[in-house]
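# Coordinates in review
As a plain string of letters, each chain reads:
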Amino acid sequence: MPEYEFVDVYVPRGVSRKEATRLLTDHAEYGHWELYRLSLLRDGSRRVRLRRRIIRQVRATW
């Protein structure tokens with residue numbers, strides 16, 4: 001079963017859709033995050049939850 005780590009990003013209501021897309025694209029491209037959940041709040045702001053897979057290295061024994 002894969003393990004994930006999560007980060008929450010808050011996008012205020014004054015941020016345009018284009019700027020929010022660029023922000024999330026930067027997170028995805030440089031931090032290897034993927035969109036997990038997006039919530040549009042009543043005031044127009046967005047709450048975004050991103051996730052990325054945790055890759056554990058197995059220690060080699062000789």
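Look up a bit, the structure's there.
For the structure given in this document, a descriptive report is provided here. One numbering rule holds for all chains: residues counted from 1, following each sequence as written. Reporting in this predicted model follows two pLDDT cut-offs: at least 70 for local features of residues, and 80 or more for side-chain atom pairs to be given and counted; totals over whole chains, interfaces and linings ignore these cut-offs and use all residues. As a rule here, side-chain values come from all non-hydrogen atoms in the structure, and water together with hydrogens is ignored.

### Here's the deal with unusual backbone geometry
Our working rule: Secondary structure elements follow DSSP: runs of H or I no shorter than four residues count as helices, runs of E no shorter than two count as strands, and numbering proceeds from the N terminus.
Even without a glycine there, the phi angle at His32 is positive, about 60 degrees. With respect to the element layout, His32 can be found in the loop between helix 1 (17-31) and strand 2 (34-40).

### Some words on the pattern of salt bridges
Side chains that differ in charge, positive against negative, can pair when their charged atoms come close. Convention followed: The salt bridge definition used is simple: a Lys or Arg side-chain nitrogen within 4 Å of an Asp or Glu carboxyl oxygen. Only protein chains enter the accessibility calculation, which uses a 1.4 Å probe; a residue whose area is less than 20% of its type maximum is buried, one above 50% is exposed, and one in between is partly exposed.
Enumeration according to the criterion identifies five salt bridges in this entry. Of the charged contacts in the structure, one is a salt bridge between Asp8 and Arg49, with a shortest N-O distance of 2.8 Å. Of this pair, Asp8 sits in strand 1 (residues 3-11) while Arg49 sits in strand 3 (residues 46-54); the two residues are 41 residues apart in sequence, bridging distant segments of the chain. Judged by relative accessible area, which is 48%, Asp8 ranks as partly exposed. Note that Glu34 is salt-bridged to Arg51, the shortest N-O span being 2.6 Å. In this pair, Glu34 sits in strand 2 while Arg51 sits in strand 3, placing the two residues 17 residues apart along the sequence.

### Some words on the nonpolar core
Across soluble globular proteins, you tend to see nonpolar side chains buried next to one another. What counts is decided by this rule: The criterion is simple. A nonpolar core is a set of buried Ala, Val, Leu, Ile, Met, Phe, Trp, Tyr and Cys residues joined through side-chain atoms within 4.5 Å. In what follows, a contact means two residues having at least one pair of non-hydrogen atoms within 4.5 Å.
Formed by Val9, Val11, Ala20, Leu24, Trp33, Val48 and Leu50, the largest nonpolar core amounts to seven residues. Contributions of two or more residues to this core are made by strand 1, helix 1 and strand 3. Those residues within four positions of Val48 in sequence are excluded, and the remaining contacts are Val7, Asp8, Val9, Val11, Leu24, Leu35, Arg37 and Leu38.

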